[in-house]
Amino acid sequence: MTDHDPAAMRRQYRTTLLDEADLAATPMAQFARWFKEAVAGGLHEPNAMVVATATPDGGPSTRTVLLKAYDEGGFVFYTNYASRKGRELAANPRVSLLFPWHQISRQVIVTGTAARVAREETEAYFRVRPHGSQLGAWASPQSAPLASRAELTTRYEELAARYPEGTEVPLPPEWGGFRVAPETVEFWQGHENRLHDRLRYVPAAPDTWRVERLAP
């Protein structure tokens, strides 16, 4: 075996135990606690999350996107609605999210249903994006094949000439947000000997939750 053998790569997670009594009343309140701690811990892009979608016949796909908002209604991210994930969510709104906070030995795993956010909410977010990112939303036919990198660069340069810095870039018609309303939210805390804590919020009744412990 070598130093690059994945089977030999392991470390013990030495962390504080996670008890049911320590959790907030709702999964979004608990997420807010952990997200604040992830940010305070200096994690690189703590808002990065893996989004898993599937076609109606079960063909899966995953990618990493950035969380841009969260509240009691769920988790919000933005994309091109004509992208692969946009098309898959239009046909099958069931989705899974994973926040892989490896540096602090934590994960948050969400299952839920995605729905488009209101156009006004998308517009408000688009206005605070950097100018270059606004142009990029127009330049990229997300998930579509490109003949070359030069094709993408040319599209961007044409847009930059049309909308120079300081001018308002219109909101692309096929670009917008999704809000994932959670159905289950699991909080995973790593421990020694792989005896991890896995506490999952599941619906108990309308607007109420119960927590179940899962074996690691």
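Here the structure is a predicted model, which means the values were calculated and not measured. (Residues numbered from 1 in each chain as written. Predicted model: local features only at pLDDT ≥ 70, side-chain atom pairs only at ≥ 80, totals over all residues. Heavy atoms only, no water.)

Section: the pairing of strand S6 (residues 106-116)
Then, number 1: With 8 bridges connecting them, strand S5 (residues 94-101) and S6 associate as antiparallel partners. Bridge pairing in S6 places Leu97 opposite Val110.
Then, number 2: In this antiparallel pair of consecutive strands, S5 and S6, the connection spans 4 residues, and Ser105 shows a positive phi of 55 degrees.
Then, number 3: Here S6 runs beside strand S7 (residues 175-189); their pairing, made up of 11 bridges, is antiparallel. Note that in S7 the partner of Gly112 across the bridge is Pro182. (Pairing = 2+ DSSP bridges. Helix = DSSP H or I, 4+ residues; strand = E, 2+ residues; numbered from the N terminus.)

Things to note about the packing of aromatic side chains
Then, number 1: Per the stated rule, a full pass over the model turns up 17 aromatic pairs.
Then, number 2: Seen from their ring centres, Phe31 and Phe35 are 5.7 Å apart, and the 20 degrees between their planes marks the pair as stacked. Of the two residues, Phe31 and Phe35 are both situated in helix H1 (residues 27-40); the distance of 4 residues between them amounts to about one turn of the helix.
Then, number 3: A relative accessible area of 15% places Phe35 in the buried class.
Then, number 4: Residues Phe75 and Phe99 carry aromatic rings whose centres are separated by 5.9 Å and whose planes lie at 45 degrees to one another, so their mutual orientation is tilted. Placement of the pair is Phe75 in strand S4 (residues 74-80) and Phe99 in strand S5, with a sequence separation of 24 residues. The same class applies to Phe75 and to Phe99, which are both buried.
Then, number 5: By way of ring pairs, the aromatic residues Phe31, Phe35, Tyr70, Phe75, Phe99 and Trp101 are connected into one cluster.
Then, number 6: A cation over a ring is seen here: Arg116 above Tyr81, with NZ or CZ 3.6 Å from the ring centre. (Phe/Tyr/Trp six-rings, centres within 6.5 Å; stacked < 30°, edge-to-face > 60°. Buried < 20%, exposed > 50% of the residue type's maximum accessible area, 1.4 Å probe, protein only. Lys NZ or Arg CZ within 6 Å of the ring centre and 35° of its normal.)

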